[in-house]
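Given next are the chains, with one letter for each unit.
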Number of protein chains: 2
Amino acid sequence: KENVGGTTYFYSQEDFNSHGGMVFPNFTVYPGMLPHIAHMKPKSNQPSFFMPDEMKMELLNRQSLSLLQMDAEHLPPDLPREVDDFHNLVPLEPPTMSPLQQKSSTFGYQTSAYKAISTKDGFVYCLRRIHGFRLSSTKCMALIDLWKKMQHANIVQLRQVFTTKAFNDHSMVFVYDYHPAAENVMSRHFSSNQQAHNVNGYNNPYNLDGQARPFSAGKGRGTQQGLLPESLIWAYVVQLSSALRTIHAHGLACRVIDPTKVLLTDKSRVRINCVGIFDVLSFDASQANPLAMMPHYQQEDLVSLGKTILALACNSIIGIQKEHMQTSLDVVARNYSPDLKNLLFYLLTNHSRNRSVNDIMPMIGARFYSQLDAAQLKNDVMEAELNKEVENGRLYRMMCKLGTINERPEYNLDETWSETGDRYMLKLFRDYIFHQVDDRGSPYIDMGHVTQCLNKLDAGVPEKICLMSRDEQSVILVSYAELKHCVESSFSELLQSSPASGAVSGLHPFS
Amino acid sequence: KENVGGTTYFYSQEDFNSHGGMVFPNFTVYPGMLPHIAHMKPKSNQPSFFMPDEMKMELLNRQSLSLLQMDAEHLPPDLPREVDDFHNLVPLEPPTMSPLQQKSSTFGYQTSAYKAISTKDGFVYCLRRIHGFRLSSTKCMALIDLWKKMQHANIVQLRQVFTTKAFNDHSMVFVYDYHPAAENVMSRHFSSNQQAHNVNGYNNPYNLDGQARPFSAGKGRGTQQGLLPESLIWAYVVQLSSALRTIHAHGLACRVIDPTKVLLTDKSRVRINCVGIFDVLSFDASQANPLAMMPHYQQEDLVSLGKTILALACNSIIGIQKEHMQTSLDVVARNYSPDLKNLLFYLLTNHSRNRSVNDIMPMIGARFYSQLDAAQLKNDVMEAELNKEVENGRLYRMMCKLGTINERPEYNLDETWSETGDRYMLKLFRDYIFHQVDDRGSPYIDMGHVTQCLNKLDAGVPEKICLMSRDEQSVILVSYAELKHCVESSFSELLQSSPASGAVSGLHPFS
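Residues numbered from 1 in each chain as written. Chains lettered and ligands numbered in written order. Predicted model: local features only at pLDDT ≥ 70, side-chain atom pairs only at ≥ 80, totals over all residues. Heavy atoms only, no water.

If you check an unreviewed UniProt entry, chain A appears there as Protein kinase domain-containing protein from Capitella teleta. As stated in UniProt under Subcellular location (unreviewed entry), the record for chain A gives "Cytoplasm". (UniProt positions renumbered as here; feature names shortened; annotations may be inferred.)

Okay, here's the thing in structure tokens:
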């Protein structure tokens, strides 16, 4: 790369050779964190995200939820072993006890959700089952095909729809991507659990019985205690409107913007769940054009968006009831920016003219920039984490190879296989890596030494080391490059006489 | 969490207990990729980003660049060992040969850039040295303080400014965050190297000698061959305007928007480099108010932004010269959207009234959404990578512990230490992990088996396994929990008699 104006940061190997004097270490180690990560400070006007330690905990939590299984001995009698191409079903929702809860308030049918593994591709999906629904016409599948093609960061992707009798009824199953440990807005922000933690329900502007409370306290302090930070609300607004924009641009309507259908992963990432279900459930086969009603539903989407945002902004699901609406809008006007108030007025006030999701962009305005800034900073944090971890997989595989070779009791009827030739060198090298002692014979234990040895072995550097036999009678001078060759030839010897390996298990072949 | 409307995805442990039948595996394994990652498709209207394999290569490349050092035997005579609080300097730019290149065309002084390690915090920074500059007044440091507080995803952060005689002259050093493997827009898109790869320079609308070429070819195909995709140009526009907005909102001006000062990391991430230098170099101590000229410079920033975008859009640095400007704008009008043309007209055409970076938001419009969508999808990809790697570090450390214990030749004058008691069990366990054979005595090599054994060991699960002695005369039934105890007690025994370990090296203590 040419140097122009003094800011070229990019060298080819020839640059190094021609300018001389610069050396790469001939093996790889983790060079430590970069300063833009080390000194990063969270910003108050941005949606927040997990920092490294939380992030790892969250990843492990999601992994274990993905691995959840039914105890084979306590399989509920109504849970089939297989449904269409899916097996290992695990209910994602506790069974509903009261008859009132049997029917989803959104869909008017009883529904259940299961985590399940696809026999076709082995991935984990979420199955949403509509109980006792008989499909009268397959014409609606044209709409489903549109949904299946729609990929968006803020929509839980619909993959497949099928009917089944596996549950001993006529059920309709909608297959979505599975997002482990996802919560919905209702359970995170409005569940009774959540409100019980507040003091007497006074942390939100409504008492639990739905009475508006006086606002004398907290006035003038910008935001009232218990209200969500405005940056979080805008993070939701931007993501939900982004999803709506894409849906409407495809000629469809969302119809499920509702605190129970907005999934949250991470601290502020939002995804709309259950898309496409209404397009099947309320499909009117008598309509010549299946898209005829969409403009109407799209207008309803905007009202639903407004209601969801209003509920978040006054931090109460009760606040969106018609009789409380005005009070709620007052809460917003008092505690948040005029833009948020204007947005809600635009979405919730009856207009004669058609509204469009595109009209809200100017109200979001420069907040797009803070969303992007946050997303990029989060990228930087994750990249820094990956930087830390990227070496470990390689080191781990290297250790597995050594472990497989070293001290192997017998191979091809040769009891001394692991004690002779290449393997003898590797045995002494193993001692060199792990069994170092200091001057006084005490164990010298240093992860840095182990890691550096393995990195040099993996790179096969020309550096030579002294390996000493256990009886201290002989010393072998050998380079890492030779040792690497020993590992490779010994390991491939083992692999060759082990035709079943990997092929049988199908799991993680060594590389 | 309460189930409302049928979409609760979140369980507490009590939920599981009370509903029964569901079990977590009692150890952790990688559950495989989630479907939204597995099926992700790149989108043409979005800035692109590295996918997993490229990403890892790029991370390793950056790591090795971070580790670059000067060969101690070939240290250039003009390179000091220490400059202020920084050591291990490595030049980041090849030495300039021609006297013409001596002075930076941007700053009017000779400049050099070095990678260096801070003795204060140990992180790697980029030092930009202005040769032969004497600071006449420290008043400008008020501006530097403003820069130091500005954290933005698209600005290379200025950390510190100092004067030094370490280079045997009066130099001014600006300390920035270091971004390894960053390129600038000039070298990626406009370097002669780059153009030499094109066929006779005909891939951009200008010949290398600056003559406009006829546009007959490629017309009507939307974009001409060799022009950048519009999505990439908007990705730059959004990020650069985001940085400018923040800078102007702080009352400062950028003054270095220029293809040589816009750094690229990844495929489309942009950061403005060298901020704050002009505030020192051209500081006028006679002005009562150091911010007096800022409104003027801010207007210049918008013109510079326009020129940089124009150069990108006509894919030629020559195109922004005054005599080519009209041709270049025609190229844009012919090949890109009206929004891009309007943006350039707004930024480049002389206005009597003051322009503001905020005015360009409506021209960006819905493209904010595609930028955010891409950033979120990139987050998902990185998270999926982290998911794969997060276990490896733990497994690697576990292997290091086992390696340290197993086959240790002698400990506390006890030659049989590693062959008796807990250690004997661990030796047999090592055989169980690595030295499995199939029915016919052939090695059975399966990374899945190794990983699962180690995961269960790490978790100390109650599951029992049969360990067989090498002479096949005795069989021991032992649980992973007991084996875990063996590892812990044996390892801590070694650690205790190794007081120097870790403490001496300071590197990666076992955990």
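This is not the end of the story, as more comes after the structure.
Focus: the confidence of the model for chain A
Residue and element names in this part refer to chain A. Per-residue confidence for chain A gives a mean pLDDT of 83; residues scoring 70 or more make up 85%. Residue range residues 193-203 is modelled with pLDDT below 50. Its contacts to residues more than four positions away, or to other chains, number 14 contacts. Counted against residues more than four places away or in other chains, residues 207-224, with its pLDDT under 50, gives 30 contacts. In the model output, the complex is listed with pTM 0.81 alongside ipTM 0.80. (pLDDT = per-residue confidence, 0-100. Contact = heavy atoms within 4.5 Å.)

Focus: the interface of chain B and chain A
Taken together, the contacts link 158 residues of chain B with 158 residues of chain A. Summing both partners gives a buried area of about 14600 Å² for chain B against chain A, and 62% of it is carried by carbon and sulfur. Seen at the junction of chain B and chain A, the total is six salt bridges. Ionic pairing is found between D380 of chain B and R269 of chain A, a salt bridge with its closest N-O pair at 2.8 Å. At the junction of chain B with chain A, the criterion picks out 34 residue pairs in polar contact (both at pLDDT 80 or more). With 17 residues, helix α13 (residues 367-389) of chain B is the single largest residue contributor to the side of chain B that touches chain A. Per-class residue counts for the side of chain B that touches chain A are 73 nonpolar, 54 polar and 31 charged. When strand β1 (residues 22-23) of chain A meets strand β2 (residues 69-70) of chain B, the two strands line up antiparallel, connected through two bridges. (Buried area = accessible area lost by both parts, 1.4 Å probe. Salt bridge = Lys/Arg side-chain N within 4 Å of Asp/Glu carboxyl O. Polar contact = N/O pair within 3.5 Å; in protein donor to acceptor, adjacent residues only side chain to side chain. Helix = DSSP H or I, 4+ residues; strand = E, 2+ residues; numbered from the N terminus. Nonpolar A, V, L, I, M, F, W, Y, C, P; charged D, E, K, R; others polar. Pairing = 2+ DSSP bridges.)

Brief notes about the packing of aromatic side chains
A complete count under the given rule lists 17 aromatic pairs over all chains for this structure. Taken together, a centroid distance of 5.1 Å and an interplanar angle of 90 degrees make the contact between Y369 of chain A and F368 of chain B edge-to-face. On the criterion of chain membership, the pair formed by Y369 of chain A in helix α13 (residues 367-405) and F368 of chain B in helix α13 is interchain, its members lying in two chains. Here Y369 of chain A falls in the buried class, since its relative accessible area comes to 3%. Using a relative accessible area of 2% as the deciding quantity, one classes F368 of chain B as buried. Ring centres of F429 of chain B and Y432 of chain B lie 6.2 Å apart, and the angle between their planes is 15 degrees; this geometry places the pair in the stacked category. A residue pair is termed a helical-turn pair when its members lie 3 or 4 positions apart in one helix, as F429 of chain B and Y432 of chain B do in helix α15 (residues 421-434) at three residues. Taken together, F368 and Y369 of chain A together with F368 and Y369 of chain B form an aromatic cluster joined through their ring pairs. Above the face of the W234 of chain A ring, R367 of chain A is positioned so that its terminal group lies 4.1 Å from the ring centre. (Phe/Tyr/Trp six-rings, centres within 6.5 Å; stacked < 30°, edge-to-face > 60°. Buried < 20%, exposed > 50% of the residue type's maximum accessible area, 1.4 Å probe, protein only. Lys NZ or Arg CZ within 6 Å of the ring centre and 35° of its normal.)

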